[in-house]
Amino acid sequence: MHGEALTLALWEGAAGRRGLAREAALLDATPRSLPERNLLALRRYAHLFGAELELVGRCPHCRAAVEFTIDAVDCADAMEGGPAAPAAAEWHVLETDAAPLRFRLPGPADLGALDAVEDPADFAESLLARCIDGPLPDAAARDAISRRMEALMPGAVVSFSLLCPDCGGGWSAPLDPVELLWRELRLRAESLLGDVAVLARGFGWSEREILELGAVRRAAYLQLLAA
Ligand SMILES: [Zn+2]
């Protein structure tokens, strides 16, 4: 399966699900780590919609909307060329002035469990709480653990350094490849189904017949109907 048929099948499999179940349907797999999850999503995006990903970020300094483009294939290649992440289940130790802190790396199941947490600060704190052995330490130790996690697990968080053309300020914009894949898939599937509905009403054709027309002839028939 490929192209429009795959788009519709993936959308259908993912639409009624949430969190990890939706991710598994979108990726056709249960990734064992966050880098693997992100990599699978970038590859699938490029396969379905092409490598170019147009995004809009918001400058945290002046609130201007900044458009930028990333290449999903380059991004995935860079991740694959990096060192492999250790398994999420392994314990790591951070030495501090007080007692050493034990932590593990977050995995896809941790993201799934925190699916309903929308505030980024709450999310970061809840994620750390799940991954630290014992009570949450102070802010400095939490920062140190976050940095160690990122160093141990390159590709777990996909982000881009952006420069604001309006005020010259810089920031790092994180993006979630699974969320991007889902958003684009939903847009394309809904637009495709909308076209099918219009053509079915106009000409009495079946869904299958309409999809078999291909995008160019469908667009031509839609124009005829609108004329
Ligand atoms: Zn700005």
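Computed from a predicted model, the values in this text were never measured in an experiment. (Residues numbered from 1 in each chain as written. Predicted model: local features only at pLDDT ≥ 70, side-chain atom pairs only at ≥ 80, totals over all residues.)

### Some details on the overall build of the chain
Assigned secondary structure in the chain consists of 10 helices and seven strands. By principal-axis analysis of the C-alpha atoms, the chain measures approximately 75 × 40 × 30 Å. Taking all 227 residues of the chain together, 20% fall into the buried category. Restricting the contact set of the chain to residue pairs at least 6 apart, pairs at least 24 apart contribute 57%. (Helix = DSSP H or I, 4+ residues; strand = E, 2+ residues; numbered from the N terminus. Buried ≥ 20, exposed ≤ 12 C-beta atoms within 10 Å, placed from the backbone. Contact = placed C-beta atoms within 7 Å.)

### Looking at the sheet that holds strand 4 (residues 101–104)
Strand order in the open sheet made by the three strands is 3-4-5, with antiparallel pairing throughout. With partners counted over all chains shown, the strands left at the sheet margins are strand 3 (91–94) and strand 5 (132–133), one partner each. Bridging between strand 4 and strand 5 involves two bridges; their strand directions are antiparallel. Bridged to phenylalanine 103 within strand 5 is isoleucine 132. (Pairing = 2+ DSSP bridges.)

### A look at the domain arrangement of the chain
Split into domains, the chain comes out as domain 1 (1–84 + 158–189), domain 2 (86–153) and domain 3 (190–226). Computed from C-alpha atoms alone, the centre-to-centre distance between domain 1 and domain 2 is 23 Å. Taken together, the contact between domain 1 and domain 2 spans nine residues of the former and eight residues of the latter. Looking at the side of domain 1 that touches domain 2, the elements with two or more residues in it are helix 2 (19–27) and helix 3 (34–49). The residue inventory of the side of domain 1 that touches domain 2, partitioned by class, reads four nonpolar, two polar and three charged. (Domains from an automatic or database assignment. Nonpolar A, V, L, I, M, F, W, Y, C, P; charged D, E, K, R; others polar.)

### Considerations on the packing of helix 1 (residues 3–15) against helix 2
Viewed as axis vectors pointing N to C, helix 1 and helix 2 meet at an angle of 165 degrees, and their least axial separation amounts to 8 Å. Accordingly, the angle class assigned to the pair helix 1 and helix 2 is roughly antiparallel. The hand of the helix 1/helix 2 crossing is right-handed. Between helix 1 and helix 2, the contacting residues are Leu10, Gly13 and Ala14 on the first element and Arg22, Ala25 and Leu26 on the second. Looking at the contact of helix 1 with helix 2, its residues break down into four nonpolar, one polar and one charged. (Axes fitted to C-alpha atoms, helices over the stretch in contact; angles between N-to-C directions. Parallel < 35°, antiparallel > 145°, perpendicular 65-115°, else oblique. Left-handed = near helix turned anticlockwise from the far one by under 90°.)

### Let's talk about the environment of alanine 99
Take alanine 99: it is sitting in the loop between strand 3 and strand 4. Given 9 C-beta atoms within a 10 Å radius, alanine 99 is considered exposed.

### Regarding the pairing of strand 4
Across the two faces of strand 4 the burial differs, with Leu101 and Phe103 buried and Arg102 and Arg104 not buried at all. Summarising the sheet, strand 3 and strand 4 pair through four bridges and their orientation is antiparallel. Bridge pairing in strand 4 places tryptophan 91 opposite arginine 104. Linking strand 3 back to strand 4 in an antiparallel pair, the connection comprises six residues.

### Thoughts on helix 10 (residues 215–226)
Within an α-helix, residues lying three or four positions from one another point in the same direction, as the helix has 3.6 residues per turn. The end-to-end C-alpha distance of helix 10 is 16 Å, a good match for the 16 Å that 12 residues give at a rise of 1.5 Å each. Counting buried positions along helix 10 gives zero out of 12 residues, so the element sits mostly on the surface. (Expected span 1.5 Å × (residues − 1).)

### Quick look at the nonpolar core
Residues Leu26, Ala41, Leu42 and Leu181 are the most contacted members of the largest nonpolar core, which totals 20 residues. Those elements that place two or more of their residues in this core are helix 1, helix 2, helix 3, helix 4 (72–81) and helix 8 (177–203). Counting residues per element, this core draws most heavily on helix 3, which supplies five residues. Ignoring any residue separated from it by four or fewer positions in sequence, one finds leucine 26 in contact with Leu10, Ala14, Val178, Leu181 and Trp182. (Core = buried A, V, L, I, M, F, W, Y, C linked by C-beta atoms within 7 Å.)

### What to know about the pairing of strand 6 (residues 158–163)
Of the pairings in the sheet, the one linking strand 6 to strand 7 (residues 170–175) comprises six bridges and is antiparallel in character. Bridging from a neighbouring strand, valine 158 pairs with leucine 175 of strand 7. Between strand 6 and strand 7, which pair antiparallel in sequence order, lie six residues; one of them, glycine 168, sits at a positive phi of approximately 80 degrees.

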